[in-house]
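Fold and geometry: a report
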Amino acid sequence: MKHERKGLNRQLFWLYEGHGKWPFIFRWAMLIFDVLSIGYFLWAPFEHRDRTHVAFDYVIGSIIALDWLARFYIARHRWNYVVRPINIADMIVVFTMFAPLLVSNFAFLRILRAVRAIRAFTFVRRIKVLTPFFQRHERVIDKVTNLVVFVFIMAAVVYSTQVGVNDGIHTYIDALYFTVTSLTTTGYGDVLMVGTLGRVLSILIMGLGLTLFLQLLRAIVDPRDKVEHECEECGLTLHERDAIHCKHCGEVIHIPTRGFD
């Protein structure tokens, strides 16, 4: 028997998943917030912090926490929601925002803030006006997002582990420059990692980065694949684009489609 949503659960589900003027405005507001907070995340952790930055941490952390709780509240399969990597990253983000003094010596935790870019992508994908475009290019955009997030996260790791010990890394831009040159295997040689950890990071950047890049190429060359749509009965999220029943439990599913080209 299907779970019927009532009261606050119904209202929140309408905002996050429904259609109409207010869900549209709400998702655009969340998208703008994510874009602004991502920019803040990539800049603030590497700058000198004062009371203003701490206040921003509390405000942004509160919004992310409320967003996490709302999505947890409307999730049909809450354990699956909790263990998803992107939601775990959000919890770590909230922790780092509310405990700046406690985590000040663990800057590597704050690099997960860049993962909010993936959350921004999921909101954009659900905006009705842009839905046809994202349905056609969903896999490519998804892979591009993953690659960009990987680059920013690895640049943050390089910065947090190399600044102060590496003469070639003084700013986040230096770290980003090294990450991109390593990923593209350009290797100008003007910035080199120091120590065993630095060499391991270089290997990870080249290995994982090239893997993500190859996945992007595959998505471009072979664009047709499964579509993401959560089954309300069992929680299976990947289905064939023309599926009308869930292969796992047999429940009828309603996958939005533009029809046949």
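Everything quoted here is computed from the prediction, not taken from an experiment.

Reading the values: the criteria
- Residues numbered from 1 in each chain as written.
- Predicted model: local features only at pLDDT ≥ 70, side-chain atom pairs only at ≥ 80, totals over all residues.
- Heavy atoms only, no water.
- Helix = DSSP H or I, 4+ residues; strand = E, 2+ residues; numbered from the N terminus.
- Buried < 20%, exposed > 50% of the residue type's maximum accessible area, 1.4 Å probe, protein only.
- Contact = heavy atoms within 4.5 Å.
- Areas by Shrake-Rupley, 256 points an atom, 1.4 Å probe, with all protein chains shown as cover.
- pLDDT = per-residue confidence, 0-100.
- Phe/Tyr/Trp six-rings, centres within 6.5 Å; stacked < 30°, edge-to-face > 60°.
- Axes fitted to C-alpha atoms, helices over the stretch in contact; angles between N-to-C directions.
- Parallel < 35°, antiparallel > 145°, perpendicular 65-115°, else oblique.
- Left-handed = near helix turned anticlockwise from the far one by under 90°.
- Nonpolar A, V, L, I, M, F, W, Y, C, P; charged D, E, K, R; others polar.
- Patch = residues over 30% accessible without salt bridge, like charges linked within 9 Å, V, L, I, M, F, W, Y side chains within 5 Å.
- Salt bridge = Lys/Arg side-chain N within 4 Å of Asp/Glu carboxyl O.
- Expected span 1.5 Å × (residues − 1).
- 1 Å grid on protein atoms, 1.4 Å probe; cavity = no way out; pocket = protein on both sides within 12 Å on 5 of 7 lines; lining within 4 Å.
- Points joined across faces, edges and corners; volume = space filled by probe spheres on them.

**Thoughts on the overall build of the protein chain**
Across its full length, the protein chain holds nine helices and two strands. When the helices and strands of the protein chain are placed in sequence order, the string is α-α-α-α-α-α-α-α-α-β-β. Across the 261 residues in the protein chain, those meeting the buried criterion constitute 40%. Long-range pairs, those at least 24 residues apart, make up 56% of the contacts in the protein chain with a sequence separation of at least 6. Only carbon and sulfur atoms are counted for the fraction: they give 66% of the accessible area of the protein chain, which is about 15,500 Å².

**Re the side chain of D67**
With respect to the helices and strands, D67 occurs in helix α3 (residues 51–74). For D67, a relative accessible area of 3% puts it in the buried group.

**Some thoughts on the confidence of the model for the protein chain**
For residues with low pLDDT, the predicted coordinates do not support detailed interpretation. Averaged over every residue, the pLDDT of the protein chain is 76; residues scoring 70 or more account for 74%. Within the protein chain, the lowest mean pLDDT, 62, falls on helix α6 (residues 116–125), and the highest, 89, falls on helix α4 (residues 78–83).

**Brief notes about the packing of aromatic side chains**
Ring pairs (aromatic) are described by centroid distance and by the angle formed between their planes. Under the counting rule described, the total for this entry stands at six aromatic pairs. Where F24 meets W28, the ring centres are 6.4 Å apart and the plane angle is 65°; that geometry is what we call edge-to-face. Taken together, the positions of F24 and W28, both in helix α2 (residues 21–43) and four residues apart, correspond to about one turn of that helix. On the accessibility criterion, F24 (33% relative accessible area) is partly exposed. When the centroid spacing of 6.0 Å and the interplanar angle of 55° are considered together, the rings of F72 and Y81 count as tilted.

**Concerning the packing of helix α1 (residues 7–17) against α3**
Closest axis-to-axis distance for the α1/α3 pair is 9 Å, and the angle between their directions is 110°. When the interaxial angle is binned, α1 and α3 end up roughly perpendicular. In this structure, α1 meets α3 at a crossing whose hand is left-handed. Along the contact surface, α1 presents L8, N9, L12, F13 and Y16, while α3 presents D67, A70, R71, Y73 and I74. Split by residue class, the contact of α1 with α3 holds seven nonpolar, one polar and two charged.

**Brief notes about a nonpolar patch on the surface**
Judged by side-chain polarity, W14, W22, F24, I25, W28, I32 and L36 come together as a nonpolar surface patch covering roughly 700 Å² of accessible area. When residues in the nonpolar patch are grouped by element, the largest group, six residues, is from α2. Inspection of the secondary structure puts I25 in helix α2. Residue I25 is classed as partly exposed on the basis of its relative accessible area, which comes to 37%.

**Some thoughts on the environment of G250**
Along the polypeptide, G250 turns up in the segment after β2 (238–239). Separated by 19 residues in the primary sequence, G250 and C231 have C-alpha atoms spaced 9.7 Å apart.

**What about helix α5 (residues 85–98)?**
Taking 1.5 Å of rise per residue, the 14 residues of α5 would be expected to cover 20 Å, and the 20 Å separating its terminal C-alpha atoms lies within 8% of that figure. Residues of α5 that are buried: I86, N87, A89, D90, V93, V94, T96 and M97.

**Considerations on the pattern of salt bridges**
Tallying each qualifying case throughout the model produces three salt bridges. Ionic pairing is found between R71 and D67, a salt bridge with its closest N-O pair at 3.2 Å. Note that R71 and D67 are positioned in helix α3 at a spacing of four residues, about one turn of the helix. A single burial state applies to R71 and to D67, both of which are buried. Note that R76 and E232 form a salt bridge whose closest N and O atoms lie 3.8 Å from each other. Here E232 lies in the loop between β1 (227–228) and β2 and R76 lies in the loop between α3 and α4, a separation of 156 residues in the sequence. Note on R76: relative accessible area 27%, which makes it partly exposed. Its relative accessible area of 43% is what places E232 among the partly exposed residues. In this structure, a network of salt bridges that share partners links the residues D67, R71 and D90.

**Considering the layout of surface pockets**
Looking at the second largest pocket, its volume works out to about 170 Å³. Forming the walls of the second largest pocket are 14 residues, and the residues nearest its centre are F178, S182, G187, V191 and L192. Sorting elements by how many residues they give to the lining of the second largest pocket places helix α8 (residues 172–183) first, with four residues. For the lining of the second largest pocket, the class distribution of residues is seven nonpolar, six polar and one charged.

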